[in-house]
Amino acid sequence: MATISEDIASPADTAELEGNTTYVEGVGNIPRNIYKYVKSDPLGDLPRYSIHIVIQHFATFVTFLVLAATGLALHFASLWWAPIVMKLFGGPDTARLIHRIAAALMVLASVYHILTLIGGTLQKILNRKFDINRTQIPLLKDIRDVVHDVKYFFGKEPYRPKMNKFMYKQKLHYIAILWGTFVLIAAGTSLLFPETMANIWPDPRFGQNLARLMHADEAIMAVTVIIFWHWSNVHLVPGRFPLQWSFLTGRITREHQIEEHFMEYIENLKEIPEEKEYMKKLLKEKGFDSN
Amino acid sequence: MEFLRILTKTSLFLAIFLLVSFAVPNANAADKENCLMCHKYRQIGRIDEKGIKRSYYVNENIYANTTHRNVPCRDCHTYINRLPHDPVTEEVNCSNECHIKPPFSKENFSHRKIIKIFNKSVHGIKKGDSEELKAAKPYCKYCHLNPVYRTVAEERIAPTALNRCLNCHERKGVTAAYKHITHRLRRKTSRSPQEIVQLCSKNCHADIEKMEKFKVSKESLEAVETYNESIHGKSVALGSQEAADCVSCHASSAIHDIYKKDDKTSTINIENRTKICKECHDDINERFVQIDVHPKIEDDPILHFVTMNLTVAFYGTVFGLLGLALIETVGRKKDGIKWQIRRGTTWRGRSKHWLKKYGD
């Protein structure tokens, strides 16, 4: 361990050293709240999403907005804004075609996602790099994390939990998307091909009504969650305003990674030599390397 | 006296001269008997015994552009047989023959056939009907209102096709005939789906109180509401020209043969429904026609239960997630994060709150 450089470290800059540090081989003891001291580039410092995920997110969100606009305008046909939105898409007959094209593209994006998922996972298993903690699979730890995090928000815990690459919010959202996409595609198929689906449903009358109900309900749920929750999480909440660039660059800022995905940051330290150097230097500068 | 006569003659002559010279070259309607001599005046009318103002004005320009432009007045108003005529007490009978022969036909034209179909349909007046029901049932003019006597606007006239007709026929007549035919080749009704839905609902099928009086079935009572909630209804409401309106399903190409669904002749009778659905939906069978066209989802107990659960899940999720976002914002803000993402750091460092609680 290097000696404390007394000219840099000042009492105000000194982190609380007792407890809650994580030792990383070749770096030192990293305090849990080191994210308050690091420097970040808003465009992102550390890798988070592959180019495939960036493309998939882009395809999904463009088609989602088109689908939502055309679909909701039809569902809420009697409301004042519906005819205006419909007119923007060239009337219901054209909007119907647009909705179906967008739906086909979204299905393609979903298939693309599943293929990347399977391919990527297989590759990781073959290279013996597969780690369940770096996947979207829900774990018991996530429930502990929620409890811990809520305690922290109420001031009952000094630090946020050490979360994985995907924290509880993201896992919840991912499951919601899987379920929602499945329901919307299944119900939408029944609405698009009623002739074929009539032969498949045990009771065509009930089946079609169920599809009508589920397609509309699930869509409204998805739109509400996206607008009120997803958009606040990525655009509005403190430290995220006006937007995060991850969706385009595929990279996450250092302070965000350490705050909400601490375990993933530890992995980053092991994998990226530059990051290791950076952290080592920072610990030395701030005087965290004393123990 | 002589002077006065000359003055009267001159002024009359001048008045006629002025009238003739300033008259707009009007489109001419069939008016061999010169009924327009009187009826062309805008002010012509009276207040009848009930105190209702009645106008007898006929706008020649409008009439000359309607479907009936070639029909002389007395072909429909048959009860007029001398001039000036007595006050009119009779209604026009649309099943009259008019003195017009359609091309390639030896018989005079009449609406009799379609009226026969209409009288057999559910809307025709039957023997056992109460006076109230008789009054409520539609008659020709109830749906075929005056403005829609006009010819349907048909913009896409193919000049090449029309030019060939002009080899033998007059331009004016053939244009009208062409429009008349092509429009009906393209579409089932001359009127737009929006107009059809308006026509059937307004003051009639949408008037629940009126419908309740005639003891119609529950489905009929809710028909307008359920149609407007259906995918066909919503599309039509937003201006679709493709989605089904009332007549698309409830009548054959005769348009007027609307029957109750239990009637074997009805287009929507379960036995015949495949045929009518096939007008839009290809490759269908008897399973497809079981699908609700006027869906009422709450009526199904299972779907009602599903809806209830989805509603609870919806509000639970939205408020749960919003609550989480709120406490998260408050918590992180207290810990010292700034709103805006910044180059460098977004954190203020440890907050006073944190220091007070956990010490330096």
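Keep in mind that this is a model prediction, so the values were computed, not measured.

J.: Let's hear about the overall build of chain B: which residues, and what values?
T.: Helices and strands together make up the secondary structure of chain B, namely 18 helices and two strands. The buried share of chain B, taken over its 360 residues, is 14%. Contacts in chain B between residues far apart in sequence, at least 24 positions, make up 43% of those at least 6 positions apart.

J.: Report on the overall build of chain A, specifying residues and quantitative values.
T.: Of regular secondary structure, chain A possesses eleven helices and four strands. Against the globule reference of 19 Å for 291 residues, chain A gives a C-alpha radius of gyration of 24 Å, more extended than a compact globule. Dimensions along the principal axes, computed over C-alpha positions, put chain A at roughly 75 × 45 × 35 Å. Per-residue burial over chain A gives 31% buried out of 291 residues.

J.: Give a description of helix α4 (residues 140-153) of chain A that names residues and reports values.
T.: Its 14 residues give α4 of chain A an end-to-end C-alpha distance of 20 Å, which sits within 8% of 20 Å, the value for a rise of 1.5 Å per residue. For α4 of chain A, the complete set of buried residues consists of D145, D149 and F153 of chain A. Viewed along the axis of α4 of chain A, the buried residues span an arc of 65 degrees, placing them on a single side of the element. The outward face of α4 of chain A, more than 90 degrees from its buried face, is lined by the exposed residues L140, I143, R144 and V147 of chain A. Tucked into the core, α4 of chain A has its buried residues touching α5 (168-192) of chain A together with α17 (301-334) of chain B. Positive backbone phi, at 80 degrees, marks G155 of chain A, one or two positions downstream of α4 of chain A.

J.: How would you sum up the environment of V111 of chain A? Please name residues and give values.
T.: When you line up the elements, V111 of chain A lands in helix α3 (residues 91-126). The exposure class assigned to V111 of chain A is exposed, which follows from the 10 C-beta atoms found within 10 Å.

J.: Please give an account of the packing of α5 of chain A against helix α7 (residues 204-236) of chain A that cites residues and values.
T.: Residues and elements named next belong to chain A. Remark: α5 packs on α7, axes separated minimally by 8 Å, with the N-to-C direction vectors making an angle of 150 degrees. Comparing the axis directions of α5 and α7 gives the class roughly antiparallel. When the axes of α5 and α7 are compared, the crossing they make is left-handed. Of the residues in α7, those in contact with K169, H173, A176, G180, V183, L184, A187, G188, S190 and L191 of α5 are G207, Q208, A211, R212, M214, H215, E218, A219, A222, V225, H230 and N233. Class assignment of the residues belonging to the contact of α5 with α7 gives a composition of ten nonpolar, nine polar and three charged.

J.: Explain the interface of chain B and chain A to me, using residue names and the numbers behind them.
T.: Counting from both sides, the interface comprises 52 residues of chain B and, opposite them, 50 residues of chain A. Listed by contribution, the elements that provide at least two residues to the side of chain B that touches chain A are α14 (231-237), α17 and α18 (352-358) of chain B. For the side of chain B that touches chain A, a count of residues per class yields 22 nonpolar, 15 polar and 15 charged.

J.: Which residues make up the pairing of strand β2 (residues 28-31) of chain A, and what values do they have?
T.: For a regular strand, side-chain orientation follows a simple rule: the groups alternate between the two sheet faces. Residue and element names in this part refer to chain A. In this sheet, β2 lies alongside strand β1 (residues 21-24) in antiparallel orientation, the contact comprising four bridges. Considered in β2, the bridge of T22 is made with I30. Linking β1 to β2, which pair antiparallel, is a turn of three residues; within it G26 sits at a positive phi near 85 degrees.

J.: Can you tell me about the packing of helix α1 (residues 51-75) of chain A against α3 of chain A, naming the residues and giving the values?
T.: Residues and elements named next belong to chain A. At a minimum axis separation of 8 Å, α1 and α3 run at an interaxial angle of 150 degrees. Classified by the interaxial angle, the pair formed by α1 and α3 is roughly antiparallel. The chirality of how α1 crosses α3 is left-handed. Contacts between α1 and α3 involve H52, Q56, A59, T60, T63, V66, L67, T70, G71 and L74 from the former and P92, A95, I98, H99, A102, A103, L105, M106, A109, Y112, H113 and T116 from the latter. Here the contact of α1 with α3 is built from residues that sort into 13 nonpolar, nine polar and no charged.

J.: Talk me through the confidence of the model for chain A; I want residue IDs and the actual numbers.
T.: Here chain A shows a mean pLDDT of 89. Residues at 70 or above account for 92%. Within the model, the stretch residues 1-18 of chain A combines pLDDT values under 50 with 22 contacts to residues more than four positions away or in other chains.

Scoring rules and cut-offs
- Residues numbered from 1 in each chain as written.
- Chains lettered and ligands numbered in written order.
- Predicted model: local features only at pLDDT ≥ 70, side-chain atom pairs only at ≥ 80, totals over all residues.
- Helix = DSSP H or I, 4+ residues; strand = E, 2+ residues; numbered from the N terminus.
- Buried ≥ 20, exposed ≤ 12 C-beta atoms within 10 Å, placed from the backbone.
- Contact = placed C-beta atoms within 7 Å.
- Rg over C-alpha atoms; globule rule 2.2 N^0.38 Å.
- Expected span 1.5 Å × (residues − 1).
- Arc of directions from axis to C-beta.
- Axes fitted to C-alpha atoms, helices over the stretch in contact; angles between N-to-C directions.
- Parallel < 35°, antiparallel > 145°, perpendicular 65-115°, else oblique.
- Left-handed = near helix turned anticlockwise from the far one by under 90°.
- Nonpolar A, V, L, I, M, F, W, Y, C, P; charged D, E, K, R; others polar.
- Pairing = 2+ DSSP bridges.
- pLDDT = per-residue confidence, 0-100.

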